[in-house]
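Structural description and commentary
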Protein chains: 2
Amino acid sequence: MRREDLKGLHPREIRSYVREGRWREHTGGFAEGYVQANLVVLPRNLAFDFLVFCQRNPQPCPVLEVTDIGVPTLKYMAKDADLRTDLPMYKVWEKGQCVAEVENVLDYWSDELVAFLLGCSASLDWALLKAGVRLRHAELDMLPCAYISNIQCEPAGAFRGPMVVTMRSILKDQVARSFQVTSRYPAVHGAPVHVGDPRQIGINNLDDVDLGQRTPLSQLEPDEVPLFHACGATPQVVALEAKPEFMISHFPGCMFITDVLLEEIGVL
Amino acid sequence: MRREDLKGLHPREIRSYVREGRWREHTGGFAEGYVQANLVVLPRNLAFDFLVFCQRNPQPCPVLEVTDIGVPTLKYMAKDADLRTDLPMYKVWEKGQCVAEVENVLDYWSDELVAFLLGCSASLDWALLKAGVRLRHAELDMLPCAYISNIQCEPAGAFRGPMVVTMRSILKDQVARSFQVTSRYPAVHGAPVHVGDPRQIGINNLDDVDLGQRTPLSQLEPDEVPLFHACGATPQVVALEAKPEFMISHFPGCMFITDVLLEEIGVL
C-alpha cells in the first residue's frame, strides 16, 4: 500500500492493515489527531523500576498505558488491538543489544512481560501543524531528526542515561507559538526542552543525526531556529545502558496508533 | 504552637517543628504556594501494582515522587526531609485495618518499603484563593468535606474501589473560574470531577461526610454550587478494599509539605 492510502484512515483500519503485513514503514502523518505511541516491553521484574523512571522523566517518557502482566492487549488506548502484531516493525533487545528486527513479536511474547505505551512526538507534529506552524519534515513526509543530548535523565534502579531529543526547524516568528502549543500536550512530550544553540545540550553538529537518517532537514535556513523536544526513543537509549535481559520496542518511527484523540487526554 | 505561628513559615521550618513533635494537627493553609502531599507507603511487592493504579487514576492519585526501595528520604520534592518523622500524624494499616495512629513511623519502617507522595487538594485551595475564589472552609481554617463517591477507579492488580472526592461550596458566579484554575494543576488533582447534584455521583446527603467531621460547610447557601474534586484520600479507601499486608499513610489533613512551589510543577 502507499502512504497516501493509509494516512486518512481510522487508527483501527490502519492497525488492521499493519496486522496483515501490508505496512512496514513509519507512521508519521497517519491518523491525524490521534495519539501515536512508543512501545517498550520489559520483564515484570524490571517493570517497577521502569515505571518509576518514567514518573521521574515525564517529558521523554509520558506514560499512556501500562498493560497488566502478560497481557498483550489494551484497556484504555485502543479496543481490539494486539501489541504483538499492530506495529509496523519491532526491535528485540537482549542485554542492550538489538538481536532482531521483526514484523511481529508473537514468538517473543510471554506471560512475564509488561508493555508500556509512551506518548510520541508524531502527535506533537499534528498539534503544531494544526496551529499553523510550518514543519519542513512534515511537508517532506519525513520524521524529525533525533539526537542524543547531554541532558541526563533522572535515574531509577538500573535505568539511567541521556535524553534523546527531536529537532524541528521552526520559523523564528513561530517559536513562541510552538512553545505555547506543545505545552498544552504533556502526554506527548509537552513543552520544548531547549531552543537555539544545539551545543548547549551537547549536540555539536546537527548533521550528525544519532537516530534515523541524516536528511536535508538538519540544514537550518537563515530564518529558522532549532527547537528541541524530549523524544520517546529515550527508553531505547536508556535500555542500551541498563542492559535488561530482554526488551521489545517499536522500530524507530513505526509507532502504535491509538484510538484516542490527542484532545481527549492530558490537554489544557 | 498555634496555627498562626506556623502558617507563614517555609516548608523546611514547618517540617522541623513537626519532627520535634510540636505540631500534630492538620496542615491546611500552611506554606501557601508550596505543594502539599498525601503519603502512601507499601511493601515493594505491591509497589508496581500501586504505581499502575496511580497511572490509571491520575486525578485521585497524581504521583509527585516515588522513593527508592527502602529509602525514607526524597530526591526531588524536599531536601533533608524524612518521611518517617515529618508528617504531623500517621496511620498504620494491616490488611485494610487501621492498627495505629502515631506521631512518627520510625518503628514501622523497613528496607522493604516504598513511599509514594501524591498531590493534595490543600494546594488546590491555594490556587483557588489566589484566583479570588471564595472558599468558606478556608475562611474557617477547616478542611473541605470529603465523601466516598460511586465513581469507580480503574483497577490495577488488587487495587480497586471508589473515588473519594472533596466538596467545595463555590459561589455560582465563580464555578467557571474554578474549573479554569484547577485545570491548570493536574499535579494536585486538576479539574473537578463533578459539579452540581451530589446524587449523580452517589452522595445522597452532603451532611453525611465520610472522611473527617461533619461541619457547617456541608450546608450550602442559596447562591452556592457544590464542586467536587478527586481526593488523595482515595488510596486509603482503596487500601481498605485491597487489604495489603502492611501500609502506612498520612493521617487525614496532616500532609507532607514539600519544598516545591505549585507553580514549578505540572502547570500550564
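**Description of the overall build of chain A**
Helix and strand content of chain A: 7 helices and 11 strands. The globule rule puts the C-alpha radius of gyration for 268 residues at 18 Å, and the 17 Å found for chain A is close to it. Overall size of chain A, expressed as C-alpha extent along the three principal axes, is 50 × 40 × 35 Å. Within chain A, the proportion of its 268 residues that are buried is 58%.

**Looking at the relation of the copies chain B and chain A**
Each copy superposes on the other: chain B lies on chain A with an RMSD of 0.0 Å after a rotation of 180 degrees and an axial shift of 0.0 Å. Each copy turns onto its partner about a two-fold axis. For chain B, the residue whose C-alpha comes nearest the rotation axis is F48 of chain B, separated from it by 2.4 Å. Both copies share a contact surface, since 100% of the interface residues of chain B are interface residues in chain A too.

**Remarks on the pattern of salt bridges**
Under the counting rule described, the total for this entry stands at 46 salt bridges over all chains. For E103 of chain A, the salt bridge identified is with R24 of chain A, shortest N-O distance 3.1 Å. One end of the pair, E103 of chain A, is in the loop between β4 (97-102) and β5 (113-119); the other, R24 of chain A, is in the loop between α2 (11-19) and β1 (34-43), with 79 residues separating them in the sequence. Look at R24 of chain A and you get partly exposed, because its relative accessible area is 22%. Of the charged contacts, one joins D141 of chain B and K7 of chain B as a salt bridge, the two residues approaching to 3.2 Å between their closest N and O atoms. Here the residue D141 of chain B occupies a position in the loop between α5 (136-139) and β6 (145-152), and K7 of chain B occupies one in helix α1 (residues 3-7), the gap between them amounting to 134 residues. One continuous salt-bridge network, built from bridges that share partners, spans R15, R19, D86 and D259 of chain A.

**Topic: the sheet that holds strand β7 (residues 162-171) of chain B**
Residues and elements named next belong to chain B. If you walk across this open sheet you meet the 4 strands as β6-β7-β9-β8, and the pairing is antiparallel. Edge positions in the sheet fall to β6 and β8 (194-195), since each has one partner strand and no second. With 5 bridges connecting them, β6 and β7 associate as antiparallel partners. Within β7, the residue paired with Q152 across the bridge is P162. Against the sheet, helix α4 (residues 121-130) touches β7 and β9 (224-230), its axis set at about 20 degrees to β7. Each of β6 and β7 touches helix α7 (residues 234-242); the most contacted strand, β7, lies at about 150 degrees to it.

**Examining unusual backbone geometry**
Non-glycine residue K95 of chain A carries a positive phi angle of around 50 degrees. For K95 of chain A, the position within the fold is in the loop between β3 (90-94) and β4. Judged by its relative accessible area of 47%, K95 of chain A falls in the partly exposed class. For D80 of chain B, which is not a glycine, the phi torsion comes out positive at approximately 60 degrees.

**As for the nonpolar core**
In this structure, F116 of chain A together with F116 of chain B are the most contacted members of the largest nonpolar core, which totals 70 residues. Sequence-distant contacts of F116 of chain B, defined by excluding residues within four places in its chain, comprise F48 of chain A together with N38, L39, V40, A47, F50, L51, E65 and V66 of chain B.

**Concerning the packing of helix α3 (residues 44-56) of chain A against helix α3 (residues 44-56) of chain B**
Here α3 of chain A crosses α3 of chain B at 40 degrees, and the two axes come no closer than 9 Å. With respect to α3 of chain B, the axis of α3 of chain A lies oblique. The element α3 of chain A and its partner α3 of chain B pack so that their crossing is left-handed. Residues A47, F48, L51 and V52 of chain A of α3 of chain A touch α3 of chain B, and the partners they reach there are A47, F48, L51 and V52 of chain B. Grouping the constituent residues of the contact of α3 of chain A with α3 of chain B by class yields 8 nonpolar, no polar and no charged.

**Quick notes on the confidence of the model for chain A**
All names here are of chain A. Across chain A, the average pLDDT comes to 92, with 97% of residues at 70 or higher. The least confident element of chain A is helix α7 (residues 234-242), whose mean pLDDT is 84; the most confident is α2, at 97. Two numbers describe this predicted complex: its pTM, 0.88, and its ipTM, 0.81.

**Quick look at the sheet that holds strand β8 (residues 194-195) of chain A**
All names here are of chain A. Spatial ordering of the open sheet is given by β6-β7-β9-β8, a layout of 4 strands whose pairing is antiparallel. Since the sheet does not close on itself, it has two edges, and those belong to β6 (145-152) and β8, each with one partner. As judged from the 7 bridges shared by strand β7 (residues 162-171) and strand β9 (residues 224-230), these two strands associate in the antiparallel manner. Paired with L171 across the strands is E224, a residue of β9. Contacts from helix α4 (residues 121-130) reach β7 and β9 within the one sheet, and its direction differs from that of β7 by about 20 degrees. Its contacts with the sheet place helix α6 (residues 175-183) against β7, β8 and β9, and it is angled at close to 15 degrees to β9.

**Observations concerning the interface of chain B and chain A**
Between chain B and chain A, the contact holds 23 residues from the first and 23 residues from the second. In this assembly, chain B packs against chain A so that about 1,800 Å² is buried in total across both faces, 63% of it on carbon and sulfur atoms. The tally of links from chain B across to chain A stands at 2 salt bridges. Between R56 of chain B and D68 of chain A there is a salt bridge, with its nearest N and O atoms 3.1 Å apart. Linking chain B with chain A are 10 residue pairs in polar contact (both at pLDDT 80 or more). Among the elements that make up the side of chain B that touches chain A, the one with the highest residue count is α3 of chain B (6 residues). Partitioned by chemical class, the residues of the side of chain B that touches chain A number 14 nonpolar, 3 polar and 6 charged.

**Details of the packing of aromatic side chains**
Between two aromatic rings, the relevant description is the distance of the centres plus the angle of the planes. Residues and elements named next belong to chain A. The final tally for this structure, using the stated rule, is 12 aromatic pairs over all chains. Measuring from ring centre to ring centre gives 5.4 Å for F50 and F159, while their planes differ by 70 degrees; the resulting arrangement is edge-to-face. Linking F50 in helix α3 with F159 in the loop between β6 and β7, this pair joins segments that are 109 residues apart in sequence. The exposure class of F50 is buried, given its relative accessible area of 1%. Residue F159 is classed as buried on the basis of its relative accessible area of 2%. Through successive ring pairs, a cluster of aromatic residues spans F50, F53, F116 and F159.

Rules used in this analysis
- Residues numbered from 1 in each chain as written.
- Chains lettered and ligands numbered in written order.
- Predicted model: local features only at pLDDT ≥ 70, side-chain atom pairs only at ≥ 80, totals over all residues.
- Heavy atoms only, no water.
- Helix = DSSP H or I, 4+ residues; strand = E, 2+ residues; numbered from the N terminus.
- Rg over C-alpha atoms; globule rule 2.2 N^0.38 Å.
- Buried < 20%, exposed > 50% of the residue type's maximum accessible area, 1.4 Å probe, protein only.
- Least-squares fit on C-alpha atoms with pLDDT ≥ 70 in both.
- Contact = heavy atoms within 4.5 Å.
- Salt bridge = Lys/Arg side-chain N within 4 Å of Asp/Glu carboxyl O.
- Pairing = 2+ DSSP bridges.
- Axes fitted to C-alpha atoms, helices over the stretch in contact; angles between N-to-C directions.
- Core = buried A, V, L, I, M, F, W, Y, C linked by side-chain atoms within 4.5 Å.
- Parallel < 35°, antiparallel > 145°, perpendicular 65-115°, else oblique.
- Left-handed = near helix turned anticlockwise from the far one by under 90°.
- Nonpolar A, V, L, I, M, F, W, Y, C, P; charged D, E, K, R; others polar.
- pLDDT = per-residue confidence, 0-100.
- Buried area = accessible area lost by both parts, 1.4 Å probe.
- Polar contact = N/O pair within 3.5 Å; in protein donor to acceptor, adjacent residues only side chain to side chain.
- Phe/Tyr/Trp six-rings, centres within 6.5 Å; stacked < 30°, edge-to-face > 60°.

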